[in-house]
Amino acid sequence: MLRTLLIALTGGWLISCSSPSTSNDNANETDHQMTELPLDVHSYARPNFARITHLHWIAEIDFTNKIINATARYDIDKAAAADEIILDTYGLNIESVVDEAGNELAFTIGEMDSHLGKALRIGLGGETHQIAVVYSTQPGAKALQWLDAEQTAGKELPFLFTQSQAILARTWIPIQDSPGIRFTYSAEVTVPNNMLALMSATNPTEKNESGTYSFEMKQPIPAYLMALSVGDIVFKPVGPRTGVYAEPSLVDTSAWEFGRMDEMLVAAEELYGPYAWERYDVIVLPPSFPFGGMENPRLTFATPTILAGDRSLTALIAHELAHSWSGNLVTNATWNDFWLNEGFTVYFEQRIMEAVRGRDYAEMLIALGQQDLRHTTDEMGTSKDSHLKLDLEGRDPDDGMSDIAYEKGNFLLKTIEAAVGREAFDNWLKNYFERHKFQVMDTETFVEEVNSELLTTEELRSEVRLDEWIYGPGLPDNCPEITSARFAAVDNQIEAFGAGSGADELATTDWTTHEWLRFIRGLPSELTETQLNDLDQAFGFTNSGNCEILAAWFQKTIPNNYATADARVESFLIEVGRRKFLTPTYVALVEADPSKEKARAIYAKARPNYHSVARGTMDELLDW
Ligand code: BES
Ligand code: ZN
C-alpha cells in the first residue's frame, strides 16, 4: 500500500505531467466539447458535468489477503461549472484522493444501495484535471474470484480473474461505471513470483523476473470491459493476429481447439469492416468462470467447458469476437438497450460461422437458438422483460440477461434482413459500425436509423413491425421459421426411437454436437430406466466430456430419476461454475425434489467454487 501511495504522490505524476497528451490520443472528447451522454440509472456518475478520459492504474495483487491495493489516477474532462466528479464504488476502502499537485481533495461517500453501491463524490478546484484515488478492495469484492491452488488445473499456484459486466467494475476500481463513458487506460500490476498478469489491453506473452507487468489500452472503452487475470498462465500463438493463454497443462489443447480463430477474424472483417483492436487473444480460465465467454477487448475470457476436443463449441469464440464490433465498438447506451449488444452479436456470430463452416452448419446453430427462444417466450408470457427495450431501473441489470436480448434480438435482425435482402442489410450494418464506432447506441436511435435507411417504404415497415418487436412482449408472428435439413434427419431418428427402435439401430453417423443436442432435447420428457440405459449404453452420454451434451442429458436423467447419472450430476456441479449450466440443472433437481434437500446438499459442496454472480442466482433459487 505504501508503495502505491508513494508512486501516486511522486514519480507517477511526473511521467504523466511531462506527457499529458499521450493518455488522450484516442479519446473522443477534447476539454471543451463533451458529447452529451444519456442518463444511466445504474451509475451515480454525471458525465455531462465531469467524466474520466484516461485511467492509469497501479496495483499490487495480494493473494494472501485476497485484496488489491491500488492507486487509480484519472484524467478528467469537465464542464466549466463542474465542482465535483462522481465515481461509482462498491465495497472499496477509499484511503485518500489527491490532485495533480499532490493536494488532498475533499471527498464524500454516499449511502449504500444494494445494486449500485456508493457514490464517491470528489470536490474539484477550477484547475484540477487529474485526480488519484488510493484504495483497496475487500476480500468479497463481487467482480473478483480468488481461486486457491487446488481449484486450478496445475494445483500449485492460486488464480485470480475479474468479471466486470454489467456493473461490477466498481467493486475493484472506483470508476464511472456506465457503458456510455469511455476512457483509455494504462496499468502497472505487480503479482507474486511465477505468475503472469493479463488485462483487456496490450499483454505480455511471458512471465518476467520483477513480477510487475505494464499494460496499455489505447482505444477508449467503457468500464464494464476492464478485466484482469493473474495465475500460472502461458501463451501459445494460433495465427498471425491470434493466440491463447491458459494454464500450462491446457495451452496445447486450447490452441488446437481454437485453431481456426484467425480465419474467424478474417471472415468477420470481410463481413463488417476492419478489426479495431489489433490483436485477438483468448484466455481459457478455470472452470468456475461464471460465463461461457466475456468479450474483454483484445483478450476474450473463456470457460474451459468449450474444450470439447472436436472444435464443436467454438461458435462461442465467434460470438466474443463479434463483440469487438457490436458492443465494444458500438456500445449499448444503458443496460436497458442490452439487446443492441447481444442481439447484434448473435446475428454476427452466426454469420461468421456460416462463412467458416457453411450454411447447413450455421442453420443448426440458428435453429437451436430459436428453440431456446420459444421456450423462453412461452415461459415469460406477456412479461415486460420479454420486450427488447428493457426497464431495469431499481433492479440488477443482470436480470436483463435472457434469451430475449440474445435471440429475440437476433431474430429481429433476421426479420429485417429477410425484408430488405442480405446485401442491403450487410452494407447497412457495415456502415453502422463505421459511423458509430467508439460511441453509444440506444434503441430509439436504432429505430430511427432503420426506418430512415432500411425500411424506407410503408410496405417494408408493415412487413417488419419494428415497434411490436421492440416494445411488445413475446415473439411476433412474422418471425422467420428456421428449417435445418440436418435437424430434420435427427428428428426422424427421435421418432424411430419413440416408435421402439433400439438406440444402437439409429442412424447417427457423423453427428456433431449440435445434432446430439437436437436429439437429446427432442427425446420424450418421460423416459423409462430401460430407455435411458439403452441410450447411455449406445452413446455414452453420462460419461461425455462435452459439457453441452452433459447438461442437456441431465434435463432428461434428473426428471426421470435415472440414478446412474446422479454421481456425474454432482461432480459436474462441483467442478463447473458456468451459470448457463448450473441454473437448469439445479432447477431440474428442485422440480424432482421440491423439498430442495438434494439440490441443497450438492450446493453446499459446490458453492465455495462459484463466482459471486453464479452464487447470487443459485442462492435465490435454493433459498440459501
Ligand atoms: N457479454 C456476455 C456475457 C455477459 C452478459 C456477462 C451480461 C455479464 C452480463 C458474453 O458475450 C456472452 O454473451 N456470453 C455467452 C456466450 C454465448 C451466447 C455464446 C455465455 O456466457 O454463455
Ligand atoms: Zn455476448
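Keep in mind that what you see is a predicted model, and the values were worked out from it rather than measured.

Trainee: Explanation requested: the sheet that holds strand E5 (residues 107-109) in the structure shown.
Mentor: Strand pairing in a sheet takes place through backbone hydrogen bonds and is either antiparallel or parallel in direction. Read from one edge to the other, the open sheet built from three strands follows the order E3-E6-E5, with strand pairing classed as antiparallel. A strand with exactly one partner marks an edge of an open sheet, and here the two such strands are strand E3 (84-89) and E5. Strand-to-strand twist of the sheet, defined as the mean angle between neighbouring strand axes without regard to direction, takes the value 20 degrees.

Trainee: Mind showing me how you'd approach the site of ligand 1 here?
Mentor: Neighbouring ligand 1 are 16 residues; Gln165, Gly292, Glu295, Glu320 and Tyr406 lie closest to it. For ligand 1, an oxygen atom lies 3.1 Å from a polar atom in the side chain of His319. Residue Tyr406 places a side-chain N or O atom 2.6 Å away from an oxygen atom belonging to ligand 1. When ligand 1 sits alone it has 520 Å² of accessible area, and the protein chains cover 89% of it. For the shell around ligand 1, the elements supplying multiple residues, two or more each, are strand E17 (293-294), helix H5 (315-322) and helix H6 (338-357). A total of three residues in the shell around ligand 1 trace back to one element, the largest contributor, which is H5. Its residues assigned to classes, the shell around ligand 1 shows six nonpolar, six polar and four charged.

Trainee: Would you explain helix H4 (residues 261-272) in this entry?
Mentor: Given 3.6 residues per helical turn, the α-helix brings residues three or four places apart onto the same face. With 12 residues, H4 extends 17 Å from end C-alpha to end C-alpha; this agrees with the ideal 16 Å at 1.5 Å per step. If you check which residues of H4 are buried, you get Met261, Asp262, Met264, Leu265, Ala267, Ala268, Leu271 and Tyr272. Its buried side turned inward, H4 meets strand E15 (242-246), strand E16 (280-284), H5, H6 and helix H9 (422-435). At the exit of H4 stands Gly273, carrying a positive phi of roughly 100 degrees.

Trainee: Where do I start with the nonpolar core in this structure?
Mentor: Among soluble globular proteins, nonpolar side chains are generally buried collectively. Grouped together as the largest cluster of nonpolar side chains are 204 residues, with contacts concentrated most on Trp57, Phe446, Phe519 and Tyr586. If you tally residues by element for this core, the top one is H6, at 10 residues. Setting aside chain neighbours within four positions, we find Tyr586 in contact with Leu573, Ala599, Ile602, Tyr603, Ala606, Tyr610, Met618, Leu621 and Leu622.

Trainee: Would you take a moment to explain unusual backbone geometry for this structure?
Mentor: The bulk of non-glycine residues show a negative phi, and the bulk of peptide bonds are trans. The omega angle of the peptide bond from Gln165 to Ala166 is 0 degrees, so this bond is cis rather than trans. By secondary structure assignment, the location of Ala166 is in the loop between strand E9 (159-162) and strand E10 (182-190). In this structure, Arg465 takes a positive phi of about 60 degrees despite not being glycine. Along the chain, Arg465 turns up in the loop between helix H11 (458-464) and helix H12 (466-471).

Rules behind the numbers
Residues numbered from 1 in each chain as written. Chains lettered and ligands numbered in written order. Predicted model: local features only at pLDDT ≥ 70, side-chain atom pairs only at ≥ 80, totals over all residues. Heavy atoms only, no water. Pairing = 2+ DSSP bridges. Helix = DSSP H or I, 4+ residues; strand = E, 2+ residues; numbered from the N terminus. Axes fitted to C-alpha atoms, helices over the stretch in contact; angles between N-to-C directions. Near = heavy atom within 4 Å. Polar contact = N/O pair within 3.5 Å; in protein donor to acceptor, adjacent residues only side chain to side chain. Areas by Shrake-Rupley, 256 points an atom, 1.4 Å probe, with all protein chains shown as cover. Nonpolar A, V, L, I, M, F, W, Y, C, P; charged D, E, K, R; others polar. Expected span 1.5 Å × (residues − 1). Buried < 20%, exposed > 50% of the residue type's maximum accessible area, 1.4 Å probe, protein only. Contact = heavy atoms within 4.5 Å. Core = buried A, V, L, I, M, F, W, Y, C linked by side-chain atoms within 4.5 Å.

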